[in-house]
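Tertiary structure, described
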Amino acid sequence: MVFLNEDRAESESSFFFHHANIEVRMNKVFLPLTQLVFGGKSDEQLLKIIQGVICHMNGIALDLITISEYQWPGHKCLLDAYLDLLIES
């Protein structure tokens, strides 16, 4: 994951997101898990859930890296708490 740098193309180069097939790779990991937990949802709803989880993971990493002086409970605990809330809702 890349932080604090906008993903933009310069001249002939492509965006990191598209160049590394990040979307395809993330969907291969997250889509089966999301379908397992939220099986009754539409593909559009599942995509929104996946995007929310990815945004939350980026936020956790960003905070742990840039606000390191705060006593965070740890990345696993923070992600577990978010996923618990998501599943319960």
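Reference entry: report on the structure contained in this document.

What counts, and where the lines are drawn
Residues numbered from 1 in each chain as written. Predicted model: local features only at pLDDT ≥ 70, side-chain atom pairs only at ≥ 80, totals over all residues. Heavy atoms only, no water. Core = buried A, V, L, I, M, F, W, Y, C linked by side-chain atoms within 4.5 Å. Buried < 20%, exposed > 50% of the residue type's maximum accessible area, 1.4 Å probe, protein only. Helix = DSSP H or I, 4+ residues; strand = E, 2+ residues; numbered from the N terminus. Contact = heavy atoms within 4.5 Å. Axes fitted to C-alpha atoms, helices over the stretch in contact; angles between N-to-C directions. Parallel < 35°, antiparallel > 145°, perpendicular 65-115°, else oblique. Left-handed = near helix turned anticlockwise from the far one by under 90°. Nonpolar A, V, L, I, M, F, W, Y, C, P; charged D, E, K, R; others polar. Expected span 1.5 Å × (residues − 1). Bend = angle between axes of the 7 residues up to and from the residue. Salt bridge = Lys/Arg side-chain N within 4 Å of Asp/Glu carboxyl O.

**Focus on the nonpolar core**
- Ranked by size, the top nonpolar core spans 10 residues in total: Phe30, Phe38, Leu46, Ile49, Ile50, Val53, Ile54, Met57, Tyr82 and Leu86.
- Sorting elements by how many residues they give to this core places helix α3 (residues 43-66) first, with 6 residues.
- If sequence neighbours within four positions are ignored, leucine 86 has contacts with Phe38, Ile49 and Val53.

**A word on the packing of α3 against helix α4 (residues 75-88)**
- Where α3 meets α4, the closest approach of the two axes is 10 Å, and the angle between their N-to-C directions is 150°. In terms of their interaxial angle, α3 and α4 are classed as roughly antiparallel. Handedness of the crossing formed by α3 with α4: right-handed. Between α3, through Ile49, Gly52, Val53, His56, Met57, Ile60 and Leu64, and α4, the contact on the second element is made entirely by His75, Leu78, Leu79, Tyr82, Leu83 and Leu86.
- Grouping the amino acids of the contact of α3 with α4 by side-chain chemistry returns 10 nonpolar, 3 polar and no charged.

**Observations concerning the side chain of threonine 34**
- With respect to the secondary-structure elements, threonine 34 resides in helix α2 (residues 22-37).
- Exposure remark for threonine 34: the relative accessible area of 8% places this residue in the buried category.
- If we skip the residues at most four places from it in the chain, threonine 34 touches Gly39, Leu46, Ile49 and Ile50.

**Observations regarding α2**
- Taking 1.5 Å per residue as the helical rise, α2 with its 16 residues ought to reach 22 Å, and the 22 Å between its terminal C-alpha atoms agrees with that figure.
- The sharpest bend along α2 comes to roughly 35°, located at phenylalanine 30, with the proline proline 32 sitting one to four residues further on.

**Regarding the pattern of salt bridges**
- Tallying each qualifying case throughout the model produces 2 salt bridges.
- In this structure, aspartate 80 and lysine 76 form a salt bridge, with 3.0 Å as the shortest nitrogen-oxygen distance. Remark: lysine 76 and aspartate 80 occur in helix α4; sequence separation between them is 4 residues, near one turn of the helix.
- Residue lysine 76 is classed as exposed on the basis of its relative accessible area of 56%.

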